[in-house]
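Listed below are the residues making up each chain.
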Amino acid sequence: MRILFPAIAVSVVGLLSGCGPTLNWRDITIGATPLLALFPCKPDVTERTVPLAGDVQVLALRSCNAGGATFAIGHARLSDPTQSQRALAQWRDSTLSGLGPVPAAVSLQLPAGRPALPQLLGLSATRDPSRGPAQSLQGLWFAQGPDIFAAFVLAPGLGTDATEPFFSGLRLR
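## Observations concerning the state of the cysteines
For the structure shown, the criterion picks out 1 disulfide. Note that C41 is cross-linked by a disulfide to C64, the S-S spacing being 1.9 Å. What sets the handedness of the C41 and C64 disulfide is the S-S torsion sign, and at about 80° it is right-handed. Taken together, the residues C41 in the loop between β2 (35–39) and β3 (44–52) and C64 in strand β4 (residues 55–66) connect sequence positions 23 residues apart.

Listed below in structure tokens is the structure:
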């Protein structure tokens, strides 16, 4: 019996260590910006240059996939902060056009329980299922000084168990 107990204990620990939560929430600092975010997985970072608000901007995108959804936060720093509202609207519209020519449903209303962020814009959209795989997007666009941000979740179906912690976890320092 004394030999059997340690063997069972080791087996149980081994089995439990292989079982991790689908959404493993963690705080992430978004580069050298004042934004802290809550991600359900460790994000990768990519950068690219995009036209935005009449200028060319370097856009850094932090994203990861968990529970069948893509979670992402993009950031750019404008040389002219007075263009932030224009840049946010362009960025939101460009994201919407990425869902296809005719989304099935679009709402520019801000989601309930959203964080208090400056210059906040919202978008909820669903791709027309006849034009490709079902995809729903929920996003927020906001600015702080010269920094502009987009936070969004993209998945075949969106539930508050994924979107609520992600969006409520956005906070400016």
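## Considerations on the layout of surface pockets
Of the pockets and cavities examined, the largest pocket occupies roughly 390 Å³. Looking at the lining of the largest pocket residue by residue, the classes come out as 11 nonpolar, 5 polar and 2 charged.

## Structural notes on the confidence of the model for the chain
For the chain, mean pLDDT is 83; residues scoring 70 or higher make up 84% of the total. For residues 1–20, every residue scores under 50 in pLDDT, and the model assigns this stretch 0 contacts once sequence neighbours within four places are set aside.

## Some points on the sheet that holds strand β8 (residues 136–144)
If you trace the 7 strands from one edge of the open sheet to the other, you get β3-β4-β5-β9-β8-β7-β6, paired in antiparallel fashion. With partners counted over all chains shown, the strands left at the sheet margins are β3 and β6 (105–107), one partner each. Each adjacent strand pair in this sheet contributes to an overall mean axis angle of 15°, direction not counted. Bridge analysis of β3 against β4 gives 9 bridges, and the strand direction is antiparallel. Across the sheet, residue L52 finds its bridge partner in β4, namely D55. Where helix α3 (residues 160–168) meets the sheet, it contacts β5 (69–77), β8 and β9 (147–155), and its direction lies at approximately 170° from that of β9.

## Here we look at the environment of D93
Along the polypeptide, D93 turns up in helix α2 (residues 84–97). The partly exposed category is assigned to D93, whose relative accessible area is 43%.

## Considerations on the sheet that holds strand β1 (residues 26–29)
Backbone-to-backbone hydrogen bonds pair the strands of a sheet. The strands run either parallel or antiparallel. Overall, antiparallel pairing links the 3 strands, which are arranged β1-β2-β10 in an open sheet. The open sheet has two edge strands with one neighbour each: β1 and β10 (171–172). The pairing of β1 with β2 spans 4 bridges and is antiparallel. Considered in β2, the bridge of I28 is made with A37.

## Some points on α2
The end-to-end C-alpha distance of α2, which contains 14 residues, comes to 20 Å, matching closely the 20 Å that a straight helix rising 1.5 Å per residue would cover. Those residues of α2 lying buried are S84, A87, L88, W91, R92 and T95. The arc that holds every buried residue of α2, seen down its axis, measures 130°, which confines them to one face. Looking at the buried side of α2, the elements it contacts are β3, β4, β5, β7 (121–126), β8 and β9.

## Details of the pairing of β7
Both β6 and β7 contribute to a ladder of 3 bridges, which runs antiparallel. By the bridge assignment for β7, A105 is matched with T126.

## A look at the packing of aromatic side chains
The full count for this structure, using the stated rule, is 5 aromatic pairs. Ring centres of W25 and F71 lie 6.0 Å apart, and the angle between their planes is 85°; this geometry places the pair in the edge-to-face category. Pair noted here: W25 is in the loop between α1 (4–17) and β1 and F71 is in strand β5, with a separation of 46 residues, a long-range link. The class of W25 is partly exposed, set by a relative accessible area of 26%. Judged by centre distance (5.5 Å) and plane angle (65°), the ring pair of F71 and F166 falls under edge-to-face. Of this pair, F71 sits in strand β5 while F166 sits in helix α3, and the two are 95 residues apart along the sequence. For F71, a relative accessible area of 0% translates into the label buried.

Calculation rules
- Residues numbered from 1 in each chain as written.
- Predicted model: local features only at pLDDT ≥ 70, side-chain atom pairs only at ≥ 80, totals over all residues.
- Heavy atoms only, no water.
- Disulfide = S-S within 2.5 Å.
- Helix = DSSP H or I, 4+ residues; strand = E, 2+ residues; numbered from the N terminus.
- 1 Å grid on protein atoms, 1.4 Å probe; cavity = no way out; pocket = protein on both sides within 12 Å on 5 of 7 lines; lining within 4 Å.
- Points joined across faces, edges and corners; volume = space filled by probe spheres on them.
- Nonpolar A, V, L, I, M, F, W, Y, C, P; charged D, E, K, R; others polar.
- pLDDT = per-residue confidence, 0-100.
- Contact = heavy atoms within 4.5 Å.
- Pairing = 2+ DSSP bridges.
- Axes fitted to C-alpha atoms, helices over the stretch in contact; angles between N-to-C directions.
- Buried < 20%, exposed > 50% of the residue type's maximum accessible area, 1.4 Å probe, protein only.
- Expected span 1.5 Å × (residues − 1).
- Arc of directions from axis to C-beta.
- Phe/Tyr/Trp six-rings, centres within 6.5 Å; stacked < 30°, edge-to-face > 60°.

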